[in-house]
Every structure is written in C-alpha cells, then in structure tokens.
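Working through the structure, step by step
What follows is the residue order along each chain.
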Amino acid sequence: MSPSLRLLTAGRAGDAAALHALCFADPWSAASIEGLVSAPNVLALAFEDEAALVAFAIFQSAAGDVELLTIATMPDRQGEGLAGHLIEAAILALAGAGNTRINLEVAEDNAPARSLYRRLGFVADGRRAKYYKSGRDVPVDAILMSLRLTI
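Keep in mind it's a predicted model, so treat the numbers as computed, not measured. As a convention, each chain's residues are numbered from 1 in the sequence order in which they are written. Where local features are concerned, this predicted model is filtered to residues with pLDDT of at least 70; where side-chain atom pairs are given and counted, the filter is 80 or more; whole-chain, interface and lining totals use all residues. Processing note: side-chain calculations cover all non-hydrogen atoms of the structure and skip hydrogens and water entirely.

**Things to note about the packing of aromatic side chains**
The pairing test for Phe, Tyr and Trp rings, Trp by its six-membered ring, is centres within 6.5 Å, and the orientation test on the planes gives stacked under 30 degrees, edge-to-face over 60, and tilted for anything in between. Taken as a whole, this structure holds 2 aromatic pairs when the rule is applied. Relative to Tyr132, the ring of Tyr131 has its centre 5.1 Å away and its plane inclined at 90°; by these criteria the two rings are edge-to-face. The rule is simple: take the accessible area with a 1.4 Å probe, protein chains only, and divide by the maximum for that residue type; under 20% is buried, over 50% is exposed, in between is partly exposed. Given a relative accessible area of 39%, Tyr131 falls into the partly exposed group. Taking the relative accessible area as the measure of exposure, Tyr132 reaches 22% and is therefore partly exposed. The lysine or arginine in question, Arg128, covers the ring of Tyr131, its NZ or CZ lying 5.5 Å from the ring centre. The criterion is that NZ of a Lys, or CZ of an Arg, lies within 6 Å of the ring centre and within 35 degrees of the ring normal, and then a charge sits over that ring.

**Structural notes on the pattern of salt bridges**
Here, a salt bridge means any Lys or Arg side-chain nitrogen found within 4 Å of an Asp or Glu carboxyl oxygen. Inspection of every chain in the model, using the stated rule, returns 10 salt bridges. Between Arg12 and Asp15 there is a salt bridge, and its shortest N-O distance comes to 2.7 Å. With relative accessibility at 17%, the residue Arg12 sits in the buried group. Look at the salt bridges and you will find they share partners, linking Arg6, Arg12, Asp15 and Glu48 into a network.

**Concerning helix H3 (residues 82-96)**
Helix and strand assignments come from DSSP, with helices taken as H or I runs of at least 4 residues and strands as E runs of at least 2, each series counted from the N terminus. Expected span of a helix, by definition, is 1.5 Å for each gap between consecutive residues, and there is one gap fewer than residues. If you check H3, its first and last C-alpha atoms are 21 Å apart, about what 15 residues at 1.5 Å a residue would give, namely 21 Å. Within H3 the residues assigned to the buried category are Leu82, Ala83, Gly84, Leu86, Ile87, Ala90, Ile91, Leu94 and Ala95. A positive phi of about 90° marks Gly98, the residue just after H3.

**As for the nonpolar core**
Note on terminology: a nonpolar core comprises buried Ala, Val, Leu, Ile, Met, Phe, Trp, Tyr and Cys residues joined through side-chain atoms within 4.5 Å. Ranked by size, the top nonpolar core spans 30 residues in total, and within it Phe59, Leu68, Ile87, Leu94, Ile102, Tyr117 and Phe122 carry the most contacts. Secondary structure elements with two or more residues in this core: strand S2 (42-49), strand S3 (52-62), strand S4 (65-73), H3, strand S5 (101-107), helix H4 (111-119) and strand S7 (140-148). Per-element accounting of this core gives the leading share, 8 residues, to H3. Working rule for contacts: check all heavy atoms of both residues, and any pair within 4.5 Å makes them a contact. Excluding its chain neighbours within four sequence positions, the residues that come into contact with Ile102 are Phe59, Val66, Leu68, Ile91, Leu94, Phe122, Met145, Ser146, Leu147 and Leu149. The next biggest cluster of nonpolar side chains, apart from the first, holds 15 residues, and it includes Ala16, Leu19, Phe56 and Ile58.

In structure tokens form, the structure reads like this:
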C-alpha cells in the first residue's frame, strides 16, 4: 500500500517528534511541533502508511515568503521520493495561497537533500558558516537555498 498525503495535525505531534529524533541529532519536542502545526501561518504535511507517520514537512509563511522549517523521513523509507512529494504538494498549496518564495537551509554535507532541492528548482543563494554543530565532530556550513513560486 502506498502512503497517503495528509495534513500533519497537533494530535500527531508526538509521532512527528519521535520521527524527528530518528533523523536529527538535535530533535524537536512534541510541544514545539504541536505549537507550530497549530499556527495559522503554518502548512504541515505528512505521509502516513497504515496509520504510521513515515514522513513530514513543516513550512511557515510570513508576508509571501515561506521557510521550510524541517522535513523528516523514516530512515528505512528514505530514497522512496516521499520528501520530494511533500515539497511538491507544498509548492502547489503555497503558490496557490499567494506566496512568492520558499527559503530553506541545508547542511553542506547533506548531499542527498541538496540534490533533491536542486531537482525541485531551488537555487543556492547564501551560506551560514559553521551553522550545523549537533552530531558532528566538525561544524559544517548551512547552504541557503530558495525557490521562486509562480501561480
């Protein structure tokens, strides 16, 4: 059975936090995720497979600009295209709501994510030196990327 695309709701914040902890050395708490997904300027999308949360992404908008705050996929489901489908669905929804740009930051050493973002049309337009420290012996730069949205 293929996963179903859904809105990520506050009721799934605990599941999202558990998934985030599998993917990141400095995971977000359930309370943080619950607060975000409850905000009116946030789009949170998820893939569920037989009621299990397998991927999610959280976007926050302000004055036409959107930031991809986080995206996570179950480690054993990475490479299936779930993250790309989440971003593509968000692009349609966010452009349709009148937003003009999506911004994100990605660790310089995260080649799969950088490749995905480039495939989706994001361009590198900045850098934050030694931004990512958690879970690393040596800090790495954050690559700032953006995508212009068209309706």
